[in-house]
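Take a look at the letters that make up each chain.
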Amino acid sequence: MIERKDHLDTRAIALLIACCAFWGLQQILIKTTTAEVPPLWQASIRMAGAVVLLWLWCAWRRVPLFERDGTLPGGLLAGLLFAAEFVCIYIGLQHTSASRLTVFLYTAPFVVSLLLPRFVPAERLRGVQWIGLAIAFAGVVLAFSESFGHSSSRQLLGDVIALGGGLAWGLTTLAIRATRLATASAEKTLFYQITVTALVSPLLSLLLGEQWGWSYSGYAWFSIALQTTIGAFASYLAWMWMLRHYPATHISSYTFLAPVFALVFGVVLLSEPLTLRLALALAGVAFGIVLVNRRASPKA
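Residues numbered from 1 in each chain as written. Predicted model: local features only at pLDDT ≥ 70, side-chain atom pairs only at ≥ 80, totals over all residues. Heavy atoms only, no water.

1. Some words on the overall build of the chain
Inference 1: Secondary structure summary: the chain contains 12 helices and 0 strands in total.
Inference 2: Along the chain, helices (α) and strands (β) appear in the sequence α-α-α-α-α-α-α-α-α-α-α-α when read from the amino end.
Inference 3: Taken against the 2.2 N^0.38 rule, which gives 19 Å for 300 residues, the C-alpha radius of gyration of the chain at 19 Å falls within 12% of a compact globule.
Inference 4: Over its C-alpha atoms, taken along the principal directions, the chain stretches across nearly 65 × 50 × 35 Å.
Inference 5: Burial status across the chain gives 53% buried among its 300 residues.
Inference 6: Sequence-distant contacts, at least 24 apart, represent 88% of the contacts inside the chain between residues at least 6 apart.
Inference 7: Carbon together with sulfur atoms contributes 69% to the accessible area of the chain, which is approximately 14100 Å² in total. (Helix = DSSP H or I, 4+ residues; strand = E, 2+ residues; numbered from the N terminus. Rg over C-alpha atoms; globule rule 2.2 N^0.38 Å. Buried < 20%, exposed > 50% of the residue type's maximum accessible area, 1.4 Å probe, protein only. Contact = heavy atoms within 4.5 Å. Areas by Shrake-Rupley, 256 points an atom, 1.4 Å probe, with all protein chains shown as cover.)

In structure tokens form, the structure reads like this:
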């Protein structure tokens, strides 16, 4: 039996903030490494490395990965959706800016909140929680609003592809919670996703004509190592564990922190300007998350 909770406790909140902070930093790492290592080849290396790390972890912890438990259909679906998200991100970046793509990608929590309650009624949000979700998303839009001054047909194509990435991300969460995958270990759930992505990413990289290589700078390898060990392995494993034990609709609201953290790290690490817009965006995201995770008052 899986112990599920109806709200996020201190441990879950701390893990979510830590994951979102690293995912924000990871955007900086990917951005500063792309000059040396093409993005999909970068993703291929990190996903392959994460598969090896996860396999070693499971061997050490004696977590079975290949037993027949009925999770294969749901696992393959989640893996394909997870890979589709990355495909949309990297193809979308060829047509639109990273800031515009970020806004459309983070429509994923709405997909989760709209569709998941149809399969798991306990995940349904109340009115004030929907308001919180909208406020948090508005904070993200505010943070990146400068990039929406004008839209070319090329950018609009990239925006649509980014929306596809947000849809794939949301549907991945749905596949994890609404299929037999919900009964699988966090390790096996993650194994399906990163293994499929590790197989798909190199093929797409070749189709896009990316140049493969291994002679990169120390910084590039350090960046890829962090993306692999903390990003694709540790943080994703923590995320799968949380989806197994906590409400997915509540967890998803915290992902709005990731793009705002990316802007904060841009200020700290890349000397980008700290603006009132960013401060208001962070406050809006934080307030929205509080509303989404507000517990219902006991009825008299």
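2. Notes on the environment of leucine 15
Inference 1: Considering the arrangement of structural elements, one finds leucine 15 in helix H1 (residues 10-33).
Inference 2: Using a relative accessible area of 29% as the deciding quantity, one classes leucine 15 as partly exposed.
Inference 3: The sequence separation of leucine 15 and tryptophan 239 amounts to 224 residues, and the corresponding C-alpha distance is 8.3 Å.
Inference 4: In this structure leucine 15 touches Ala238, Trp241 and Met242, once residues within four positions along its chain are discounted.

3. Focus on the layout of surface pockets
Inference 1: Taken as a whole, the largest pocket holds about 1200 Å³ of empty space.
Inference 2: For the largest pocket, the lining is made up of 44 residues, of which Gln27, Ile28, Ala98, Thr102 and Ala262 are closest to its centre.
Inference 3: Top element by residues in the lining of the largest pocket is H1. It accounts for 6 residues. (1 Å grid on protein atoms, 1.4 Å probe; cavity = no way out; pocket = protein on both sides within 12 Å on 5 of 7 lines; lining within 4 Å. Points joined across faces, edges and corners; volume = space filled by probe spheres on them.)

4. Remarks on helix H6 (residues 127-143)
Inference 1: Look at H6: 25 Å from first C-alpha to last across 17 residues, which is about the 24 Å you get at 1.5 Å a residue.
Inference 2: Buried residues along H6 sit in contact with helix H4 (98-105), helix H5 (108-119), helix H10 (248-253), helix H11 (257-270) and helix H12 (276-292). (Expected span 1.5 Å × (residues − 1).)

5. A closer look at the side chain of threonine 255
Inference 1: Position of threonine 255 relative to the elements: it lies in the loop between H10 and H11.
Inference 2: In this structure threonine 255 touches Cys20, Tyr106, Pro109, Trp169 and Trp239, once residues within four positions along its chain are discounted.

6. Remarks on the confidence of the model for the chain
Inference 1: Looking at the chain as a whole, the pLDDT averages 87, with 95% of positions reaching at least 70.
Inference 2: Summarising per-element confidence for the chain, the mean pLDDT is lowest in H4 (77) and highest in helix H2 (residues 39-61) (95).
Inference 3: Note on residues 296-300: pLDDT is under 50 here. Beyond four places in sequence and across chains, it has 1 contact. (pLDDT = per-residue confidence, 0-100.)

7. Observations concerning the pattern of salt bridges
Inference 1: Per the stated rule, a full pass over the model turns up 3 salt bridges.
Inference 2: Residues lysine 188 and aspartate 69 are paired through a salt bridge, measuring 3.0 Å at the closest nitrogen-oxygen approach. On the criterion of sequence distance, the pair formed by lysine 188 in helix H8 (residues 186-207) and aspartate 69 in the loop between H2 and helix H3 (72-92) is long-range, its members being 119 residues apart.
Inference 3: Close ionic contact of glutamate 123 with arginine 177 constitutes a salt bridge, the shortest N to O distance being 3.1 Å. (Salt bridge = Lys/Arg side-chain N within 4 Å of Asp/Glu carboxyl O.)

8. A short note on empty space enclosed by the protein
One water molecule sets the probe size; rolling that probe over the atoms shows where empty space is left.
Inference 1: Summed over all chains, the structure comprises 1 cavity of 30 Å³ or more.
Inference 2: For the lining of the largest cavity, the secondary structure elements donating two or more residues are H5 and helix H7 (153-178).
Inference 3: Residue composition of the lining of the largest cavity, by class: 5 nonpolar, 4 polar and no charged. (Nonpolar A, V, L, I, M, F, W, Y, C, P; charged D, E, K, R; others polar.)

9. Side note on the side chain of asparagine 293
Inference 1: Here asparagine 293 lies in the segment after H12.
Inference 2: The buried category is assigned to asparagine 293, whose relative accessible area is 17%.
Inference 3: In this view, asparagine 293 contacts Leu8, His250, Ser253 and Tyr254; residues no more than four positions away in its chain are not counted.

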